[in-house]
Every structure is written in C-alpha cells, then in structure tokens.
Amino acid sequence: MSEAASPVVPLISVERLYKSYDGPPVLKDINLVIEEGDLVSIIGPSGCGKSTLLRCLNCLEILDSGRITIAGETLERANRHDHPDHAFRERAHTLRAEVGMVFQSLNLFPHKTIKENIMLAPMIVKKEPRDVAEANAMRLLEKVGLLKHTDRYPYHLSGGQQQRAAIARALAMNPKVMLYDEPTSSLDPELVDEVLEVMRGLDRDGMTQVIVTHEMRFARNASDYIIYMEHGEIVEISDEDEIFMEPKDERTRRFLRQYVGRDL
Ligand SMILES: Nc1ncnc2c1ncn2[C@@H]1O[C@H](COP(=O)(O)OP(=O)(O)O)[C@@H](O)[C@H]1O
Ligand SMILES: [Mg+2]
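Scope of this entry: the structure provided in the associated data block. (Residues numbered from 1 in each chain as written. Chains lettered and ligands numbered in written order. Predicted model: local features only at pLDDT ≥ 70, side-chain atom pairs only at ≥ 80, totals over all residues. Heavy atoms only, no water.)

1. A closer look at the sheet that holds strand 4 (residues 65-70)
Hydrogen bonds along the backbone pair up the strands of a sheet, which may run parallel or antiparallel. Stated formally: Note on pairing: two strands pair once DSSP finds at least 2 bridges between them. By the criteria applied, helices consist of DSSP H or I runs no shorter than four residues and strands consist of E runs no shorter than two, each listed in order from the N terminus. For helices, the fitted line uses only the C-alpha atoms of the stretch in contact; every axis is such a line through C-alpha atoms, and the angle between N-to-C directions lies from 0 to 180 degrees.
Pairing is antiparallel in the open sheet, where four strands are placed in the order 2-1-4-5. If you trace the sheet from one side to the other, it starts and ends with strand 2 (25-34) and strand 5 (73-77), each paired once. When strand polarity is set aside, the average angle formed by the axes of neighbouring strands in this sheet is 15°. Sheet topology places strand 4 next to strand 5; five bridges connect them, and they run antiparallel.

What follows is the structure, given as structure tokens:
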C-alpha cells in the first residue's frame, strides 16, 4: 500500500462567521482557511469589515455565530442569543493566546523601555522569570533590528522602529499566528519598508501571518494569496498576481482600478 500523504490541517479555519454591532451584519458568512506558514493579505474599501474580521480572530470581538478554529482550539456559537458561558470565555482566552496582533496606531507602553515593553506580558501572563524574558526580548529585538535601541523609550524611536518593537512584543508571547491591522498606515512613507521587511523575514521563518493592508505592492509581492472583501463579505480569494492581472469579480476589478498605472 502506498504511503498516504498526511492530511493538511489548516492552522486557521473560519466557517459561516457572522458579526454585527447592534445593527446589520458587519461580517456575513465568512468562510476561510489559512494554512501554516501562509502570508495572506486582506484588502478592501474602508468599512468593509477587515478590522472586525481580525478582531474576531483574536477574540477582541465575540462572533455572533459561526465557528473559528485556530491551532486546534475551536470557538463556536449558534446565534447571538447563545450567551457565552464560562467554558466559551475560557476557550476564547486560550485561542487569543495563540494569536499575536499589531495595530495601526503605535501603542507601546510609553513609560517603559523597548526591552521592558517586550518583557512585560511574558513575565506577567506567562510567569516567565526575568532573565528568561530578557534573553527572549533581546533575541526578538535582534530579529527586528532594534538591538541598538533596547533601553530607549518609545518616544525616542521613529514610527517604523516603534512598529517593529510592537511586532517583537507580540512575538514574545510565542503566538502561532500574527495578525496585522494596517501596520504601516500611520507611518511616513520612507519607514514603511523596514516594517514590511520584518514580516518578510517572519515569513521566511515559517510564521503564519494575516495582514490587512493598503500596500498593494507588498500584497502582490509577499503574499501567498490575497483576500478581497466588500460589505462584510469575501468577494474573492485570489492568487497574488491573478487578482491584479485578471480579477474574477467585477467588484474586485472596480476596487483595484484605483491602483492601475501604479508600479506594483
Ligand atoms: N465597535 C463598533 N461599534 C459599532 N460599529 C462598528 C464598530 N467597529 C466597526 N463598526 C462598523 O463596522 C463596519 C466595519 O468596520 P471595520 O471592521 O472597522 O472595517 P474596515 O476595517 O474594513 O475599515 C463599519 O460600518 C464600522 O462603522
Ligand atoms: Mg480597519
């Protein structure tokens, strides 16, 4: 008998995800599978639900209904009247621990040095001894190219350096997946590449990453595939070149028209 290929178990799977904020749904029937090591870009117009999707994935928002599985941990809800019980909240907590998140706004603790920013959560949440947390912080600061700035305070760093420190801080919790919500949108243009380069490096290391971005060139060059969202729905999941050369859906075509003629 020939050896069967081992089944590919997705690292993230989202099924029939609905989410609303006291009104019409903001996410409607989202279905999505992301495999380990993938780098996935999510694009789409403002207000289409990109941030809400990321916030549901790391349980900053609780889904109304559907199922989210990350690294074997499943969160499921039948409908929004299905009150999250203790076990549900415990699972949400476990699931959140698997997910690192970096936001658009620079949100390091201002009164802590860069190194302390990175050591804090592992010491408090994971009870890591100080020397272990410090050694780990130094390793991560080297990875994001900030070894020279370990004892500086955030306000002494550029936006790009702060965002790299924020990535290191998220990595310090040893997540299985990293989510980024427009991580370069608040940066001066000349600082964008150094942050994107860190994500490329993590991709080479095999990290699973989901990035909401307007950096179309990065989306095209670095992603394994691109998700186009509109009005709370996934319109198209497409190969990174195909979506630019030949979008399948008229809505995607319309959105990407604004980038025509730019050097992507
Ligand atoms: N906390 C909230 N309360 C109420 N409405 C919200 C909240 N967050 C987002 N929304 C609404 O949900 C929709 C999707 O928002 P969002 O996920 O932030 O979209 P995007 O990130 O694609 O711009 C928008 O109409 C927005 O106004
Ligand atoms: Mg957003």
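Now that the structure has been shown, we can carry on.
2. Let's talk about the side chain of Gln161
The condition is simple: As used in this structure description, the phrase polar contact means that two N or O atoms lie within 3.5 Å; if the pair is within protein, one of them must be able to donate a hydrogen and the other to accept it, and residues adjacent in sequence are counted only when both atoms belong to side chains. Contacts were defined at the residue level, with two residues in contact if any of their heavy atoms lie within 4.5 Å.
Assignment of secondary structure puts Gln161 in helix 5 (residues 159-171). At a separation of 3.4 Å, a polar atom in the side chain of Gln161 contacts the side chain of His149. When near neighbours in sequence (up to four residues on either side) are disregarded, Gln161 contacts Leu146, His149 and Glu194.

3. Here's the deal with the pairing of strand 10 (residues 233-239)
Where strand 9 (residues 225-230) meets strand 10, six bridges bridge the pair, whose relative direction is antiparallel. Pairing of Met229 across the sheet is with Ile234, part of strand 10. Between strand 9 and the antiparallel strand that follows it, strand 10, lie two residues; His231 among them carries a positive phi value of about 50°.

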